[in-house]
Amino acid sequence: HVDGGEYTDYIFNEMKQKEILRIEAPLGTFFLRENSERPIIMMCGGTGFAPVKGILEHAFHIGFDRPIHLFWGARGTQDLYLPELPKQWNDDHPNFQFTPVLSEPVPEDDWKGETGYVHKAVLAKYPALSGYDVYMCGSPAMIEAGKKEFMEHGLPEDQMFSDSFEFNSQLDSVKAG
């Protein structure tokens, strides 16, 4: 319940038992393109893992067999909040690869893996992107950096799919401007 929230105030304080609600589900563009033949690169930052996780779980559920490589960027190991899950997917699905990337590992992390910006790790592994579908989810800065540099490396715009974490206040200022 969010105090002062238009919807949650109604649900918690006014909604009657057996009342009918009509809900229109999200109509977004961030979903698995099942009809493509191209291998997939997924790049997420921090909590951007959550939507990517949903897409991956769907892919595994339907027996999706195209190659999928997930790059998950975070500041430190503490920000990889389900670190064992992609490792398990790596073991369970021969078409799946996982690369965690830390931008600010601390000595306690004892990190031996990839470091730096996550989109740079993608480009280091895949310098030519024209034959891939790329899914990105995370901060606006990460998405914009990825889009710009991936297109410079041959990725067509129609093979790029993203979910950028914009806050309502950011969207309202864009609409007003």
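So, here's what we can say about the structure.

Basis of the calculations
- Once a new chain begins, its residue numbering starts again from 1 and follows that chain's sequence as written.
- In keeping with the model being predicted, local features are shown solely for residues with a pLDDT of at least 70 and side-chain atom pairs are shown and tallied solely at 80 or more, while totals for entire chains, interfaces and linings include all residues.
- Where side-chain values are given, they derive from all heavy atoms of the structure, hydrogens and water being excluded.
- Helix and strand labels come from DSSP, where a helix needs a run of H or I of at least four residues and a strand needs a run of E of at least two; each type is numbered from the N terminus.
- Only protein chains enter the accessibility calculation, which uses a 1.4 Å probe; a residue whose area is less than 20% of its type maximum is buried, one above 50% is exposed, and one in between is partly exposed.
- In this description, contact between two residues means that some pair of their heavy atoms is separated by no more than 4.5 Å.
- We get accessible surface area from the Shrake-Rupley algorithm with a probe of 1.4 Å; when it comes to residues, only the shown protein chains can shield them.
- In this tally Asp and Glu are treated as negative and Lys and Arg as positive; neither His nor the chain ends contributes.
- Where a charge sits is defined by one atom per residue type, namely NZ (Lys), CZ (Arg), CG (Asp) or CD (Glu).
- Should DSSP find at least two bridges between two strands, the strands are taken to pair.
- With the strands aimed away from the viewer, a crossover counts as right-handed if its path from the first strand over the helix to the second runs clockwise.
- Criterion for a salt bridge: a side-chain nitrogen of Lys or Arg within 4 Å of a carboxyl oxygen of Asp or Glu.
- When two rings of Phe, Tyr or Trp (its six-membered ring) have centres within 6.5 Å they constitute a pair, described as stacked for plane angles under 30 degrees, edge-to-face for angles over 60, and tilted for the intermediate range.
- Two cysteine sulfurs form a disulfide in these notes if their separation is within 2.5 Å.
- In this scheme, patches are assembled from residues that exceed 30% relative accessible area and form no salt bridge. Like charges are connected within 9 Å, while nonpolar side chains (Val, Leu, Ile, Met, Phe, Trp, Tyr) are connected within 5 Å.

**With respect to the overall build of the protein chain**
Looking only at helices and strands, the protein chain features 6 helices and 6 strands. Across the protein chain, helices and strands are ordered from the amino to the carboxyl terminus as α-β-α-β-α-β-β-α-β-α-β-α. If you line up the protein chain on its principal axes, its C-alpha atoms span 55 × 45 × 40 Å. The burial tally for the protein chain puts 36% of its 177 residues in the buried class. A sequence separation of at least 24 residues applies to 71% of the contacts in the protein chain between residues at least 6 apart. Only carbon and sulfur atoms are counted for the fraction: they give 53% of the accessible area of the protein chain, which is about 11,100 Å². Where the 15 positive side-chain charges of the protein chain centre and where its 28 negative ones centre are 3 Å apart.

**Some thoughts on the pairing of strand β3 (residues 96–102)**
A large share of β3 lies buried, amounting to 6 of its 7 residues. Pairing between strand β2 (residues 68–74) and β3: 7 bridges, direction parallel. Note that in β3 the partner of Ala 74 across the bridge is Leu 102. Where the polypeptide runs from β2 across helix α3 (residues 84–92) and back to β3, its parallel neighbour, the crossover connection is right-handed.

**Topic: the pattern of salt bridges**
A full pass over the atoms with the stated rule returns 8 salt bridges. Linking Glu 57 and Lys 53 is a salt bridge whose minimum nitrogen-to-oxygen distance equals 2.9 Å. In this pair, Glu 57 and Lys 53 are both assigned in helix α2 (residues 49–61), 4 residues apart and thus about one turn of the helix distant. In this structure Lys 53 comes out as partly exposed when scored by relative accessible area, which is 22%. A single salt-bridge network, built from bridges that share partners, covers Arg 38, Arg 66 and Asp 133.

**Things to note about the packing of aromatic side chains**
Under the defined criterion, the tally for this structure stands at 12 aromatic pairs. Ring centres of Phe 49 and Trp 72 lie 4.0 Å apart, and the angle between their planes is 10 degrees; on these two criteria the pair is classed as stacked. Placement of the pair is Phe 49 in helix α2 and Trp 72 in strand β2, with a sequence separation of 23 residues. Grouping residues by exposure puts Phe 49 and Trp 72 together as buried. Pairing Phe 49 with Trp 89 gives two aromatic rings, centres 6.1 Å apart and planes at 35 degrees, and the pair type is tilted. On the criterion of sequence distance, the pair formed by Phe 49 in helix α2 and Trp 89 in helix α3 is long-range, its members being 40 residues apart. Of the two residues examined, Phe 49 and Trp 89, each falls in the buried class. Grouping aromatic residues by their ring pairs yields a cluster made of Phe 49, Phe 60, Trp 72, Tyr 81, Trp 89, Phe 96 and Phe 98.

**Let's talk about the side chain of Asp 109**
Counting through the fold element by element, Asp 109 comes out in the loop between β3 and β4 (114–115). Arg 75 provides the closest opposite charge to the buried, unpaired Asp 109, separated from it by 11 Å. Setting aside residues no more than four positions away along its own chain, Asp 109 makes contact with Gly 76, Thr 77, Gln 78 and Leu 102.

**Points about helix α4 (residues 118–125)**
Of all the positions in α4, only Val 118, His 119, Ala 121, Val 122 and Leu 123 are classed as buried. Contact partners of the buried residues in α4: β1 (40–45), β2, β3, β4 and α5 (140–152).

**Quick word on the state of the cysteines**
Tallied over the entire structure, the rule returns 0 disulfides. We note that Cys 44 lacks a disulfide partner, and the nearest cysteine sulfur, in Cys 137, lies 7.1 Å from it. With relative accessibility at 0%, the residue Cys 44 sits in the buried group. The class of Cys 137 is buried, set by a relative accessible area of 0%.

**Some remarks on a nonpolar patch on the surface**
Taken together, the side chains of Tyr 7, Leu 21 and Ile 23 make up a nonpolar region of the molecular surface, amounting to roughly 350 Å² of accessible area. With respect to the helices and strands, the residue Ile 23 is situated in the loop between α1 (6–13) and β1. The class of Ile 23 is exposed, set by a relative accessible area of 71%.

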